[in-house]
Amino acid sequence: MTKNSNMQLTSNVYPVKVDGERIDFTENEDFVGRVWDKDALMKLFTCIHHVLPDKRILEKHPKKIPGLSEWQSWRIRTPEECANASGEKPWGIVIHGASFELVCKCNRRDCIHFAECRPKMETEDGVKK
Amino acid sequence: MNEFFGIDFGTTNSAVVGRLRQNTTQYDDGTGQPFPSLVAISRDTGKVQAIGREAWNHRLELAESCEILSSAKMYLGTDKVWRIGPEAWTPESVVTEVLKGLRSRVSERGSGAVLDSAVIAIPVGFAPEKRRALRKAARDAGIDIKGFVSEPTAAVFRNFEKVYQWPTVAVFDWGGGTLDISVVSIRGDVIEEIATVSNQLGGDVLDRMLAEWAHMQILRKGSRNGPPFDGMGTIYRDLLLSQCEMAKRTLVNEDLAEISVLRYGEFGTVNLVLTEEKFSELLRPKINEAIATLEEGVQNRARLSFDQIGCIVMVGGSSKLRGLRASMDKKGWSCDIQFPPDSEWHVADGAAILSSSFGEYISAQSIGIRLCDNTVYPIIKKGEKASFHSHVATFGLVEDVDNARFVFVECKDGAGGGQTSMDKILGYLSVPAYGFSNEPIRLNSQIDDDLLLQVTARSQNKAKMHELTWTYGDVRFSYQLPKRI
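*Asks:* For this particular structure, what's the right way to read the layout of surface pockets?
*Replies:* Take a probe with the size of a water molecule and roll it over the atoms, and the empty space left behind shows itself. All names here are of chain B. The space that makes up the second largest pocket amounts to roughly 740 Å³. If you go around the second largest pocket, you meet 33 residues; those closest to its centre are V124, E193, T196, V475 and R476. Counting only elements with at least two residues in the lining of the second largest pocket, the list comes to β11 (144–150), β14 (190–199), β24 (424–432) and β28 (477–480). Top element by residues in the lining of the second largest pocket is β14. It accounts for eight residues. Of the residues in the lining of the second largest pocket, the class split is 17 nonpolar, eight polar and eight charged.

*Asks:* I keep staring at the packing of aromatic side chains and nothing clicks. Help me out?
*Replies:* Centre-to-centre distance and the angle between the planes together describe a pair of aromatic rings. All names here are of chain B. By the definition in use, this model includes 18 aromatic pairs over all chains. With 5.1 Å between their ring centres and 75° between their planes, F157 and Y479 make a pair best called edge-to-face. A residue pair is termed long-range when its members are at least 10 positions apart, and F157 in helix α6 (residues 151–158) and Y479 in strand β28 qualify at 322 residues. Classification of F157 by relative accessible area gives buried; the value is 2%. Arranged with centres 5.7 Å apart and planes meeting at 65°, the rings of Y361 and F477 form a pair that is edge-to-face. Here the residue Y361 occupies a position in strand β19 (residues 360–363), and F477 occupies one in strand β28, the gap between them amounting to 116 residues.

*Asks:* How do you make sense of the interface of chain A and chain B when you look at a structure like this?
*Replies:* Interfaces are frequently sized by the accessible area removed from exposure as the parts join. Between chain A and chain B, the residue contacts involve 23 residues of the former and 31 residues of the latter. Interface area, chain A with chain B, both sides summed: about 2600 Å², of which 55% is carbon and sulfur. Here chain A is connected to chain B by two salt bridges. Between K43 of chain A and D400 of chain B there is a salt bridge, and its shortest N-O distance comes to 2.8 Å. At the junction of chain A with chain B, the criterion picks out 16 residue pairs in polar contact (both at pLDDT 80 or more).

*Asks:* What exactly am I supposed to notice about the confidence of the model for chain A here?
*Replies:* In low-pLDDT regions, the fine details of the predicted coordinates are not to be read closely. Averaged over all residues, the pLDDT of chain A equals 81, while 88% of them reach at least 70. Within chain A, the lowest mean pLDDT, 75, falls on strand β2 (residues 91–96) of chain A, and the highest, 94, falls on strand β1 (residues 13–16) of chain A.

*Asks:* Even after reading the chapter, I still don't get the side chain of Q365 of chain B, so can you show me in this structure?
*Replies:* If you trace the backbone, Q365 of chain B turns up in the loop between β19 and β20 (366–370). Using a relative accessible area of 2% as the deciding quantity, one classes Q365 of chain B as buried.

*Asks:* When you look at the sheet that holds β24 of chain B in this model, what are you seeing that I'm missing?
*Replies:* Residues and elements named next belong to chain B. One open sheet holds the four strands; their spatial order is β21-β20-β23-β24, and the pairing between them is antiparallel. Every other strand in the sheet has two partners, leaving β21 (376–380) and β24 as the edge strands with one partner each. Looking at each pair of strands side by side, their axes are set apart by 30° on average, direction ignored. By the bridge criterion, eight bridges tie strand β23 (residues 403–411) to β24 in an arrangement that is antiparallel. Residue R405 lies in a different strand from β24, and its bridge partner there is S430.

About the criteria used
Residues numbered from 1 in each chain as written. Chains lettered and ligands numbered in written order. Predicted model: local features only at pLDDT ≥ 70, side-chain atom pairs only at ≥ 80, totals over all residues. Heavy atoms only, no water. 1 Å grid on protein atoms, 1.4 Å probe; cavity = no way out; pocket = protein on both sides within 12 Å on 5 of 7 lines; lining within 4 Å. Points joined across faces, edges and corners; volume = space filled by probe spheres on them. Helix = DSSP H or I, 4+ residues; strand = E, 2+ residues; numbered from the N terminus. Nonpolar A, V, L, I, M, F, W, Y, C, P; charged D, E, K, R; others polar. Phe/Tyr/Trp six-rings, centres within 6.5 Å; stacked < 30°, edge-to-face > 60°. Buried < 20%, exposed > 50% of the residue type's maximum accessible area, 1.4 Å probe, protein only. Contact = heavy atoms within 4.5 Å. Buried area = accessible area lost by both parts, 1.4 Å probe. Salt bridge = Lys/Arg side-chain N within 4 Å of Asp/Glu carboxyl O. Polar contact = N/O pair within 3.5 Å; in protein donor to acceptor, adjacent residues only side chain to side chain. pLDDT = per-residue confidence, 0-100. Pairing = 2+ DSSP bridges. Axes fitted to C-alpha atoms, helices over the stretch in contact; angles between N-to-C directions.

In structure tokens form, the structure reads like this:
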């Protein structure tokens with residue numbers, strides 16, 4: 001049985017509005033909302049706040065960093081690699097149409113943080129109960 | 001006042017037609033036929049010795065001292081080089097000589113007309129690099145290309161008065177190099193190719209088939225072993241091929257044709273008679289293949305039945321074959337099948353009509369960029385006029401990488417834009433970038449005179465030398481007729 005590829009190639013760009021010769025990316029909300037890459041978000045943070053995103057600054061905004069969305073704020077703040085599973089990066093973004101969601105897809109049930117990371121596991125689609 | 005010219009630049013033959021008001025002039029080569037796309041170049045000097053009919057008529061003698069170049073059209077846009085004597089000949093320079101030959105045909109008539117500009121008909125899917133090379137070759141021959149038109153669309157123009165009442169028409173264009181099928185819709189004054197299919201089964205394939213048969217008869221007559229057809233010298237192969245081509249033409253109207261060669265290598269003088277019956281029997285498999293190609297175009301590509309086709313227009317020299325007409329009649333299709341008597345001139349004449357009053361190309365598809373969030377940003381919309389298409393947009397990178405990637409897709413919905421894209425990928429463009437947050441990537445798209453979609457992109461933080469272009473030559477266009485047709 002042959003199966004189609006389950007991947008889709010996309011561009012890594014998004015249009016920005018130009019006001020004459022002036023372009024301020026941070027004022028392009030649609031564009032800012034599409035930036036997903038952690039390194040790109042760190043640079044974007046600096047553009048918006050004119051400071052580097054160090055721990056002290058990030059702690060000032062525990063939930064949502066002004067100018068960024070919740071998931072972008074979370075992404076800047078959170079180490080990508082799981083502290084309890086070396087080499088694993090179980091947290092990521094799931095795309096729903098034009099919106100994104102940050103989810104954990106870890107399957108290490110013996111981890112002490114499992115219930116905390118995947119509180120809805122029992123009701124999630126495609127996960128064996 | 002100068003005439004308006006149309007050129008059908010073919011693989012084996014080229015035709016030029018001039019139009020002035022209601023007068024049409026077919027610039028034949030003195031035999032009533034189009035001009036053979038043939039150039040003989042001296043092996044000693046590397047200079048042109050003969051072109052067109054003269055080269056064709058004296059192939060045997062010329063072959064002793066010359067390289068005879070045919071089918072240069074097939075190599076246009078490639079790196080092919082013929083090193084002959086002290087000269088290096090490119091496909092472009094060979095084509096220039098053929099076009100100069102056409103130009104001479106026009107001036108030799110003495111009517112005062114000068115072939116200095118023309119619309120040129122090109123095959124469906126003629127690659128961008130081939131179009132550019134053809135434009136340059138024409139310029140070198142002193143001909144300015146006013147525009148390109150696809151060969152089937154040109155054939156529809158030529159026969160417009162006979163076909164305009166049908167909403168859907170098929171064009172069967174069987175030339176020397178290829179067989180091209182196009183299914184064309186006609187809505188008011190707008191013509192659109194809705195499906196095309198091409199087969200390398202040109203008239204030269206039929207000539208070779210006949211030559212191989214003739215060679216086999218020669219071997220049998222001699223009652224001895226001899227080299228196979230491919231083992232014969234180039235001169236003798238060409239000679240037998242040209243005799244077979246003449247026999248093929250003869251059998252369009254006659255029941256018998258002679259194949260005579262004075263010196264066919266070690267076989268000496270050979271004489272064969274080919275009957276129409278034998279000819280039809282030999283060619284039947286190829287005729288069936290040609291009809292299968294037509295069925296592929298109508299039924300599989302256009303997804304239509306033959307009942308939905310109003311008319312089939314048969315053009316190109318090979319569509320005159322008697323066996324073809326009989327085989328098509330047997331199919332029992334209800335559509336009208338038209339075999340115009342001078343079909344080898346129809347494509348050039350259609351191009352000449354366009355030359356006299358150019359209409360407007362309109363995009364028949366929407367093309368856009370599949371963005372990072374899987375939506376589509378349209379760059380050209382269905383219904384947009386090609387001559388007005390110019391689009392500039394600025395993009396930003398959503399990841400920290402050293403290149404900006406653009407994925408170009410065809411939008412099925414028509415208008416394009418906004419919706420999630422599950423559309424067909426047409427191409428890619430990746431331009432260097434620094435990966436800064438505030439790094440504008442400027443994109444510019446337009447349709448050039450060769451009907452190529454050119455999309456250039458560059459990071460504004462990078463020098464001009466980093467600008468890159470994606471060229472797409474398969475944009476589907478419909479054609480809005482000029483008012484007077």
